[in-house]
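In case you want the letters, here they are:
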Amino acid sequence: MINNQKVGAVIVAAGSGERMGGVDKMLAPLGGRTVLAWVVGVFQECPAIDEIAVVLGEHNIEAGQRLLAGFSKVIAVCRGGERRQDSVLAGINHLGGCRWLVIHDGARPLLTADLITDGLAAAAESGAAACAVPVTDTIKLAGDDDYVRETLSRKRLWAVQTPQVFRSDIITVAYRQAQAEFTDDASLVEKAGYRVKLYKGSYGNIKITTPAHLALAGVLLGERGG
Ligand code: CTP
Ligand code: MG
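As the structure is a prediction and not an experimental result, all values here were calculated from the model.

1. Focus on the sheet that holds strand β11 (residues 197–200)
Thinking step 1. Spatial strand order, β5-β4-β1-β6-β10-β7-β11: seven strands in an open sheet with mixed pairing. Edge strands, defined here as strands with exactly one partner in the open sheet, are β5 (74–79) and β11. Sheet twist, expressed as the mean angle between neighbouring strand axes with direction ignored, is 25°.
Thinking step 2. Strand direction decides the pairing type here: strand β7 (residues 128–134) and strand β10 (residues 158–167), joined by six bridges, are antiparallel. Residue pairing for β10: Ala132 is matched across the bridge by Val160.
Thinking step 3. Each of β6 (100–105) and β10 touches helix α5 (residues 168–177); the most contacted strand, β10, lies at about 110° to it.

Next up, the structure:
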């Protein structure tokens, strides 16, 4: 709850994990738990969160239900869709009573409860907020021929992560209008004409995309434990 308004979380974990080269990244072991259990655990333990919908690939639904049975805030374990946004929508559809929706990639197990509450605080002002960090690499714009057209100034470039937090009416309108494919929910909301506020994420909040990320997540978790 924030200001007496219900807060729901959608955790999307229904991707095909192609870049993992055959390892199911959601059920992959990480520091004694699975990647998915780490993510759901952070939302379960965050006092602001009331309800959680977890979106999984068809083949993982049964295993997911077993794994998540002990998490009292999980009110739905449902099947995802072809595109990431189809999976997000499947989760949102289970959280009709929530005024605020926190959307998070199941592939980012190193988030903290602070990232969730900071997002809720940012969205309370703007209606839409996305977690982000300043880019550390130099970013160049190239043509189809791979020749550099422009080197962008790093000052205003951000790498966007999840959590992303939205007032329910805003995300509902945005999803109704969405036509193209989007890689995050903020872009869908921007496209619908709303302003999205960026708030400070964490360089440790990595997305497990390749096997190297899984190894790195293990190291970062180990450091956290002292
Ligand atoms: N996701 C989803 N449904 C989809 C596509 C993606 O729920 N149809 C989720 C993934 O499970 C992940 C997050 O969205 O938690 C970000 O996607 P990404 O990092 O691209 O993961 P995958 O799509 O699983 O990986 P790949 O692109 O390598 O196949
Ligand atoms: Mg993908």
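2. Considerations on the environment of Ala37
Thinking step 1. In this structure, Ala37 sits in helix α1 (residues 35–45).
Thinking step 2. Judged by relative accessible area, which is 6%, Ala37 ranks as buried.
Thinking step 3. The spacing of Ala37 and Leu68 is 31 residues in sequence and 7.4 Å in space, taken between C-alpha atoms.

3. Looking at the nonpolar core
Thinking step 1. In this structure, Leu36, Val40, Phe43, Ile49, Ile52, Ile116 and Leu120 are the most contacted members of the largest nonpolar core, which totals 35 residues.
Thinking step 2. Among the elements of the structure, β1 (7–13), α1, β4 (51–56), α2 (61–68), β5, β6, α4 (113–126) and β7 are those that each provide at least two residues to this core.
Thinking step 3. With 23 residues, the next largest nonpolar core counts Ile92, Ile171, Phe182 and Leu188 among its residues.

4. Focus on the site of ligand 1
Thinking step 1. Around ligand 1, the structure places 19 residues, and the nearest of them are Ala14, Glu18, Arg19, Ser87 and Lys207.
Thinking step 2. Within the side chain of Lys25, an N or O atom sits 3.1 Å from an oxygen atom of ligand 1.
Thinking step 3. For ligand 1, the protein covers 88% of the area, taking 560 Å² as the surface of the free molecule.
Thinking step 4. A per-class count over the shell around ligand 1 returns five nonpolar, six polar and eight charged.

5. Here we look at the state of the cysteines
Thinking step 1. Counted according to the given criterion, the structure contains zero disulfides.
Thinking step 2. Here Cys46 stays free of any disulfide, with the sulfur of Cys98 as its closest cysteine sulfur at 13 Å.
Thinking step 3. Under the relative-accessibility criterion, Cys46 is labelled buried at 0%.
Thinking step 4. The closest cysteine sulfur to the non-disulfide-bonded Cys131 is located on Cys46, 13 Å from its own sulfur.
Thinking step 5. Since its relative accessible area comes to 0%, Cys131 is described here as buried.

6. Observations concerning α4
Thinking step 1. With 14 residues, α4 ought to run about 20 Å at 1.5 Å a step, and its terminal C-alpha atoms sit 20 Å apart, in line with that.
Thinking step 2. Every buried residue of α4 is accounted for by Leu115, Ile116, Gly119, Leu120, Ala122 and Ala123.
Thinking step 3. Buried-residue contacts for α4 involve β1, α1, β6, β7, β10 and β11.
Thinking step 4. Gly127 lies just past α4 and shows a positive phi near 90°.

7. Quick look at the side chain of Thr34
Thinking step 1. On the secondary structure map, Thr34 appears in strand β3 (residues 33–34).
Thinking step 2. When its relative accessible area of 15% is taken as the criterion, Thr34 is described as buried.
Thinking step 3. When residues no more than four places from it in sequence are discounted, the contact partners of Thr34 are Met26, Leu27, Ala28, Pro29 and Leu67.

The rules we used
Residues numbered from 1 in each chain as written. Chains lettered and ligands numbered in written order. Predicted model: local features only at pLDDT ≥ 70, side-chain atom pairs only at ≥ 80, totals over all residues. Heavy atoms only, no water. Pairing = 2+ DSSP bridges. Helix = DSSP H or I, 4+ residues; strand = E, 2+ residues; numbered from the N terminus. Axes fitted to C-alpha atoms, helices over the stretch in contact; angles between N-to-C directions. Contact = heavy atoms within 4.5 Å. Buried < 20%, exposed > 50% of the residue type's maximum accessible area, 1.4 Å probe, protein only. Core = buried A, V, L, I, M, F, W, Y, C linked by side-chain atoms within 4.5 Å. Near = heavy atom within 4 Å. Polar contact = N/O pair within 3.5 Å; in protein donor to acceptor, adjacent residues only side chain to side chain. Areas by Shrake-Rupley, 256 points an atom, 1.4 Å probe, with all protein chains shown as cover. Nonpolar A, V, L, I, M, F, W, Y, C, P; charged D, E, K, R; others polar. Disulfide = S-S within 2.5 Å. Expected span 1.5 Å × (residues − 1).

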